[in-house]
Amino acid sequence: MGIGLLLAAVMPAAAANFKVTLLTPADDPRLERARIERAALGHPAGPALDALKVAMAEGRFELDAAGATLQLTQVEVSDAAGAKAATAKAERDGAVALVADLPSAWTLAASDGTKLPVLNVGAAADALRQGDCRRNLFHLGLSDRMRNDALAQALTARRWSHVLLLTGPDELDRERSAGAQASIKRYGLKLVANRPFKLSADPRERELANTLLLTQGSYDVVWVVDSDGEFALTLPYRTALPRPVVGDAGLVALAWSPRFERFGAPQVTRRLSKATGRPMDAHDWPAWMAGKALVAAAVAAPKGPAAAFHKALADVELDGSKGVSMSFRAWDGQLRQPVLLSDGRSVIDLAPVDGVMHPKNALDTLGADAPEKLCKAR
Amino acid sequence: MTAQRPWASARSRLLGLVLALALPWASAQSTAYVSSEKDHAIAVLDLKTRSVTSTIGTCKRPRHLQLTPDGKQLLVACSESNQADVIDLATRKSVRRFALGDNPEAFDLSPDGKTLYVSQEDEGTLIFVDAASGKTLQNVPIGKEPEGVKVTRDGRTVYVSSEVANMVHVVDVAGARLLKNIKVGKRPRRFALTPDGSQLWVTNELDASVSIIDTKDQTVAGTLRFELKGARTSDITPVGITMSRDGKRAFVALGRANHVAFVDVATRKVSDLVLVGKRPWSVALDQAETTLYVVNGLSDDLTIVDVASAKALKTVKVGRVPYTVVLVE
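All values reported here derive from a predicted model rather than from experimental measurement.

Undergrad: Describe in detail the overall build of chain A, supporting the description with residues and values.
TA: Each helix and strand counted, chain A has 13 helices and 15 strands in total. The C-alpha radius of gyration computed for chain A amounts to 21 Å, which stays within 12% of the reference 21 Å derived for 378 residues, consistent with globular compactness. Across the 378 residues in chain A, those meeting the buried criterion constitute 51%.

Printed below as a string of structure tokens:
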């Protein structure tokens, strides 16, 4: 840990300066070249820093007008303990907030290392919004449950009600499969079967590995849970029945897509592409939104103190080019937002899907809602 | 962006000329032109029969349309071909195209028609383009994603809305420089100026509101919030706006709420709400100010609204993803 990059120019002394620290994993395995080259939908296509910088550059006009600056430092950490130590150090050094693009356990450790707000842009785990939620933890990206609910809504709207679930071999897959099953149940869909799969060429394991054998039976749609993505990518058009694949391949629930055409989205995508030379992907959007949230907080409380900045951050209403104003849910710190359903070639649908209703805000049909009281820390 | 321009007399002279030439459509001269983003074309609608009679091919992804001050030509901003198309209304053919920066969407013309002021969404600038030569004369940096553009009657000031910075930028034409940023509601889009120029109304797409700017001291003098029974605030996304010539009434398209609001300008109160098509966007009043034309971006049609009774009369299919309507009578 501990490489520090000074990214924003130091502005005139009169301006209030807010320091922000971005925590990222050292030697991030998600960003290995081969992994990015064959990245599944929703997997990172580049570092979170890119979109964060774009958002801060976009905010320059508003910041100048308010007389505030944001100064960003990136710190790489190697484990949960390192993340915790890095947040504590950032707080001592006068940071006003942190942005974390870390695995969920590290994200939790980071938020426990400080009282400062931690903006989570990388961890989708429901636990961080539920049992392991924290008062200072805010989530810009989609939770697993939001993605599951979005898909379940789309299946309900299409009356693809009989679902065959295929679940991957690791612990994360099992957790996410339980989440998918909960959404299937919540929307009144029918789970035909839940079958484990494994990547293997061993003939003795063909029941687990052969897509034709795995997809026998009667169903409307195959829902695949594969956090790694390699198996899921090979599944469409290899099913025993001519049925669509959803989940981690086929139709995928995403925070963003470079193919999104509405609400000024192409301009946002183009700005990131110009800055980085790559398309803006689902993993970039939360980082971009974290930058926008920090800009909005600095503009709302340009003279500080930190407490005013933190209050402004919790209360932000953001335009993220998804057609609606977005804000953090008071009950779990999750940014409520529309979810894109895409096959990677186009954005096929948006959730909440037409016709889904909610007593207060239809966006709150995606993810844990207030009456469930799943987060006790807030 | 149509009826309240002071070149009505020039337009009627043009009408006389066209009649004298006895062109085939002379008897049905009252026309609506509707740009269609996905068809790369402009639908031509006969206002009498209320039906589309033809289409004019233009550059790629046409969006904002505006008449030249002499009423003889229609200028088209094409976002994908980065061009302006100049359409001669007598022949309904493209006569000239010129570069219009990068990804042009909205623009306004100087009162003499010689200069186009074009927002550059990607670059975050306002460019001044010479209409005769097509040359870019100035490039003024403003906030990211600038959108609506409005020139004052005296031609000295240009207002530009910035969707990202939630501001209206005040640009001095003579000095080609940014004079002031005015903080307005979330995602400001389009403008209307009162006839005396004292108030600038700007629609805030993600704030269900219009910010009313006092143009004397360039500050927000008031905010008009829209409410609609059965719709949530988040579903009211105002964009298109126009005003009657006497400045007494404003007409605002409420986007996702699928309604147009009629507003009494003096009291800043909504008098009527008219159900139209899906996501109404651009609005235009006819010369008599008895009929309002509303472009529905997500239902590919145009709703014709009777102003007196505040009722939709007819909805006509136009092109795919229609954007702007301009009337020529």
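Still more ground to cover, so stick around.
Undergrad: Please provide a residue-by-residue account of the overall build of chain B, values included.
TA: The helix and strand inventory of chain B stands at 1 helix and 28 strands. Here chain B has a C-alpha radius of gyration of 18 Å; the compact-globule value for 329 residues is 20 Å, and the two agree. With the C-alpha coordinates of chain B rotated into their principal frame, the extents come out at 50 × 45 × 35 Å. Out of the 329 residues belonging to chain B, those deemed buried represent 50%. In chain B, once contacts between residues fewer than 6 apart in sequence are set aside, the share between residues at least 24 apart is 42%.

Undergrad: Would you mind going over the domain arrangement of chain A in detail, with residue names and values included?
TA: All names here are of chain A. Domains assigned within chain A are domain 1 (5-142 + 257-328) and domain 2 (145-252). Taken over C-alpha atoms, the centre of domain 1 sits 32 Å from the centre of domain 2. Tallying the contact residues gives 6 residues for domain 1 and 10 residues for domain 2. When its residues are assigned to classes, the side of domain 1 that touches domain 2 shows 3 nonpolar, 2 polar and 1 charged.

Undergrad: I'd like to hear about the environment of A:Ala65, residue by residue, with values.
TA: Residue and element names in this part refer to chain A. Relative to the helices and strands, Ala65 resides in helix H3 (residues 60-66). On the basis of neighbour count, Ala65 is assigned to the partly exposed category, with 17 C-beta atoms found within 10 Å. Distance in space between the C-alpha atoms of Ala65 and Val299 is 8.3 Å, their sequence separation being 234 residues.

Undergrad: Provide a residue-level description of the packing of helix H6 (residues 144-158) of chain A against helix H7 (residues 171-186) of chain A, including the pertinent values.
TA: Residues and elements named next belong to chain A. Viewed as axis vectors pointing N to C, H6 and H7 meet at an angle of 40 degrees, and their least axial separation amounts to 9 Å. Here H7 runs oblique to H6, going by the angle between their axes. Here the hand of the crossing between H6 and H7 comes out right-handed. Across the interface between the two elements, Asp144, Arg145, Asn148, Asp149 and Ala152 from H6 touch Arg176, Gly179, Ala180, Ser183, Ile184 and Arg186 from H7.

Undergrad: If you had to explain the sheet that holds strand S11 (residues 252-254) of chain A to someone new, which residues and values would you point to?
TA: The strands making up a sheet are joined through hydrogen bonds of the backbone, oriented either antiparallel or parallel. All names here are of chain A. What the 3 strands build is an open sheet, ordered S11-S14-S15; its pairing is antiparallel. Here the strands that pair on one side only, and so sit at the sheet edges, are S11 and strand S15 (347-351). Each adjacent strand pair in this sheet contributes to an overall mean axis angle of 30 degrees, direction not counted. Bridge count for S11 against strand S14 (residues 339-342) is 3 bridges, and the pairing is antiparallel. Each bridged residue has a counterpart across the sheet, and for Leu254 the counterpart in S14 is Leu340. Where H6 meets the sheet, its contacts fall on S11, S14 and S15, and the angle it forms with S14 comes to roughly 60 degrees.

Undergrad: For the interface of chain B and chain A, give the residues involved together with the corresponding values.
TA: If you look at the interface, chain B gives 13 residues, while chain A gives 12 residues. When its residues are assigned to classes, the side of chain B that touches chain A shows 3 nonpolar, 3 polar and 7 charged.

Undergrad: Provide a residue-level description of the pairing of strand S25 (residues 291-296) of chain B, including the pertinent values.
TA: Residues and elements named next belong to chain B. Counting buried positions along S25 yields 5 of 6 residues, so the element is predominantly enclosed. Here 4 bridges tie strand S24 (residues 280-285) to S25, and the two strands are oriented antiparallel to one another. Its bridge partner lying in S25, Leu285 is registered against Leu292. What sits between the antiparallel neighbours S24 and S25 is a turn of 5 residues, in which Glu289 has the positive phi angle 60 degrees.

Undergrad: Can you break down unusual backbone geometry residue by residue, with the values?
TA: Negative phi is the rule for most residues except glycine; trans is the rule for most peptide bonds. For the peptide bond that leads from A:Gly304 to A:Pro305, omega is -5 degrees, which places it in the cis range. Tracing the backbone through its elements, the reader meets A:Pro305 in the loop between helix H12 (284-300) and helix H13 (306-314). Note the cis peptide between A:Ala351 and A:Pro352, where omega equals 5 degrees. Mapped onto the elements of the fold, A:Pro352 is located in the segment after S15. The backbone of B:Ala208 shows a phi angle near 50 degrees, a positive value even though the residue is not glycine.

Undergrad: Describe the environment of B:Ile42, with residues and values.
TA: All names here are of chain B. Here Ile42 lies in strand S2 (residues 41-46). Separated by 13 residues in the primary sequence, Ile42 and Thr55 place their C-alpha atoms 5.4 Å from one another. With near-sequence residues (within four places) excluded, Ile42 lies in contact with Tyr33, Val34, Ser35, Ser36, Thr55, Ile56, Thr58, Pro62 and Val76.

Undergrad: Tell me what's going on with the confidence of the model for chain B, and back it up with residues and numbers.
TA: All names here are of chain B. Per-residue confidence for chain B gives a mean pLDDT of 91; residues scoring 70 or more make up 91%. Across residues 1-12, confidence stays below pLDDT 50; counting only partners more than four residues off in sequence or on other chains, it has 22 contacts. The model gives residues 14-28 a pLDDT under 50, and that stretch makes 10 contacts with residues more than four places away or in other chains. Scoring of the predicted complex yields 0.83 for pTM and 0.74 for ipTM.

Undergrad: Residues and numbers for the sheet that holds strand S26 (residues 301-306) of chain B, please.
TA: Residues and elements named next belong to chain B. Judged by pairing direction, the sheet is antiparallel, and its 4 strands sit side by side in the order S24-S25-S26-S27 without closing on themselves. A strand with exactly one partner marks an edge of an open sheet, and here the two such strands are S24 and strand S27 (311-317). Neighbouring strand axes in the sheet, compared pairwise and without regard to direction, differ in orientation by 25 degrees on average. Inspection of the sheet shows S25 paired to S26 by 6 bridges, in the antiparallel sense. Note that in S26 the partner of Val295 across the bridge is Leu302.

Undergrad: Which residues make up H12(A), and what values go with them?
TA: With 17 residues, H12(A) extends 24 Å between its outermost C-alpha atoms, agreeing within 8% with the 24 Å of an ideal straight helix rising 1.5 Å per residue. The element H12(A) is largely enclosed, with a buried count of 16 among its 17 residues.

Undergrad: Any chance you could break down the nonpolar core for me, citing the residues and the numbers?
TA: One recurring pattern in soluble globular proteins: nonpolar side chains tend to sit buried together. Judged by nonpolar contacts, the single largest core of 114 residues is most densely connected at A:Leu98 and A:Leu119. Two domains each donate at least three residues to this core, and these are domain 1 (5-142 + 257-328) and domain 2 (145-252) of chain A.

Undergrad: Give a description of the confidence of the model for chain A that names residues and reports values.
TA: Residues with a pLDDT of 70 or more make up 96% of chain A, whose mean pLDDT is 94. Per-residue pLDDT stays below 50 along residues 1-13 of chain A; that stretch engages in 23 contacts with residues further than four places along the chain or on separate chains.

Undergrad: Tell me about H6(A), and please be specific about residues and values.
TA: Residue and element names in this part refer to chain A. Across its 15 residues, H6 extends 21 Å between first and last C-alpha, which sits within 8% of the 21 Å expected from 1.5 Å per residue. With 12 of its 15 residues buried, H6 lies for the most part within the structure. Where H6 is concerned, the buried positions are Asp144, Arg145, Met146, Arg147, Asn148, Asp149, Ala150, Leu151, Ala152, Gln153, Ala154 and Leu155. Immediately downstream of H6, the backbone of Arg159 shows phi near 55 degrees, a positive value.

Undergrad: Explain the environment of A:Asp173 to me, using residue names and the numbers behind them.
TA: All names here are of chain A. You can see Asp173 is positioned in helix H7. Exposure remark for Asp173: the 22 C-beta atoms within 10 Å place this residue in the buried category. Taking the C-alpha atoms as reference, Asp173 lies 6.0 Å from Ser227; in sequence the two are 54 residues apart. Residues within four places of Asp173 in sequence aside, it is in contact with Thr167, Gly168, Val225, Asp226 and Ser227.

Parameters at a glance
Residues numbered from 1 in each chain as written. Chains lettered and ligands numbered in written order. Predicted model: local features only at pLDDT ≥ 70, side-chain atom pairs only at ≥ 80, totals over all residues. Helix = DSSP H or I, 4+ residues; strand = E, 2+ residues; numbered from the N terminus. Rg over C-alpha atoms; globule rule 2.2 N^0.38 Å. Buried ≥ 20, exposed ≤ 12 C-beta atoms within 10 Å, placed from the backbone. Contact = placed C-beta atoms within 7 Å. Domains from an automatic or database assignment. Nonpolar A, V, L, I, M, F, W, Y, C, P; charged D, E, K, R; others polar. Axes fitted to C-alpha atoms, helices over the stretch in contact; angles between N-to-C directions. Parallel < 35°, antiparallel > 145°, perpendicular 65-115°, else oblique. Left-handed = near helix turned anticlockwise from the far one by under 90°. Pairing = 2+ DSSP bridges. pLDDT = per-residue confidence, 0-100. Expected span 1.5 Å × (residues − 1). Core = buried A, V, L, I, M, F, W, Y, C linked by C-beta atoms within 7 Å.

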